[in-house]
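Below are the chains, spelled out letter by letter.
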Amino acid sequence: MDAITRAVIVYLLLLLIFRIAGKRTLAQITTFDLVLTLIISEAVQQAMVDADNSMTNAFLLVIGLVGFDILISLVKERSPWLDRLIEGTPLVLIEKGKQHPKYMQRERIAENDILHAARARFGTRTLEEIRYAVLEQDGEITIVLKKKDEPDPENSSY
């Protein structure tokens, strides 16, 4: 039972740490992120197994982690509040062509990240072509372009 308790505690702590660290998809991780993940996994493994390196303990840990993950997903289905707490909500980075630097800084999203997403999807070259940029729950950036005849809100006469 000690192994399952350790697994659940490690799961909750990692969930908290990665939630605080921000949104990022697997496609966006750098080599450093991968190395950091491997180091974390080794450190966490030691915390979970304590002195018991048996196969039984390893299987109990896996079952405990997967079971707790399933339990969390079931609870999230019933509790929108907990779902928002764990998964987060979409965040508008650019709205009607205007950047929200506070949100961009908080999520560590640079203009280049938004331009990259716009370029990959639409071939966009400048931020001025973007009407909305939304950081989704999964870390992807959704782009909505301005219409060709849409006036720039900064230079609009009305």
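Heads up: these notes are all about the structure in this document. Keep in mind that what you see is a predicted model, and the values were worked out from it rather than measured. (Residues numbered from 1 in each chain as written. Predicted model: local features only at pLDDT ≥ 70, side-chain atom pairs only at ≥ 80, totals over all residues. Heavy atoms only, no water.)

## Here's the deal with the overall build of the protein chain
Broken down by element type, the protein chain carries 6 helices and 4 strands. Moving toward the C terminus, one meets the helices and strands of the protein chain in the order α-α-α-α-β-β-α-α-β-β. Burial status across the protein chain gives 27% buried among its 158 residues. Working note: accessible area of the protein chain is about 11300 Å², and carbon and sulfur atoms make up 61% of it. (Helix = DSSP H or I, 4+ residues; strand = E, 2+ residues; numbered from the N terminus. Buried < 20%, exposed > 50% of the residue type's maximum accessible area, 1.4 Å probe, protein only. Areas by Shrake-Rupley, 256 points an atom, 1.4 Å probe, with all protein chains shown as cover.)

## Description of the sheet that holds strand S2 (residues 98-99)
Reading across the sheet, the 4 strands line up as S2-S1-S3-S4 and stay open at both edges, with antiparallel pairing between neighbours. Strands at the two margins of the open sheet, each flanked by one partner only, are S2 and strand S4 (141-145). The pairing of strand S3 (residues 130-135) with S4 spans 5 bridges and is antiparallel. Across the sheet, Ile130 pairs through a bridge with Leu145, a residue of S4. Packing of helix H6 (residues 111-122) onto the sheet brings it into contact with strand S1 (91-95), S2, S3 and S4, and relative to S4 it is tilted by some 65°. (Pairing = 2+ DSSP bridges. Contact = heavy atoms within 4.5 Å. Axes fitted to C-alpha atoms, helices over the stretch in contact; angles between N-to-C directions.)

## Examining H6
Taking 1.5 Å per residue, 12 residues should reach 16 Å; H6 reaches 16 Å between its end C-alpha atoms and fits that length. Taken as a whole, H6 has its buried residues at Ile114, Leu115, Ala117 and Ala118. Summarising the axial view, the buried residues of H6 lie within an arc of 160°, below the 170-degree limit, and thus occupy one face. Residues of H6 that are exposed and angled more than 90 degrees away from the buried face: Asn112, His116 and Ala120. (Expected span 1.5 Å × (residues − 1). Arc of directions from axis to C-beta.)

## Considering a nonpolar patch on the surface
Together, Ile9, Leu13, Leu16, Ile17, Phe18 and Ile20 give the surface a local cluster of nonpolar side chains, amounting to about 600 Å² of exposed area. In this fold, Ile20 is placed in helix H1 (residues 2-21). (Patch = residues over 30% accessible without salt bridge, like charges linked within 9 Å, V, L, I, M, F, W, Y side chains within 5 Å. Salt bridge = Lys/Arg side-chain N within 4 Å of Asp/Glu carboxyl O.)

## Section: the nonpolar core
The biggest cluster of nonpolar side chains holds 15 residues, and the ones touching the most others in it are Leu93, Ile114, Ile130, Ala133, Ile141 and Ile143. Elements with a contribution of two residues or more to this core: S1, H6, S3 and S4. No other element matches H6, which puts 4 residues into this core. Of all hydrophobic cores here, the second largest spans 7 residues; its members include Ala3, Val44, Met48 and Val49. (Core = buried A, V, L, I, M, F, W, Y, C linked by side-chain atoms within 4.5 Å.)

## What to know about the packing of aromatic side chains
Under the definition given, this model contains 1 aromatic pair. For the pair Tyr11 and Phe68, a centre-to-centre distance of 5.1 Å together with 85° between the ring planes defines the contact as edge-to-face. Of the two residues, Tyr11 is situated in helix H1 and Phe68 in helix H3 (residues 55-78); the sequence distance between them amounts to 57 residues. (Phe/Tyr/Trp six-rings, centres within 6.5 Å; stacked < 30°, edge-to-face > 60°.)

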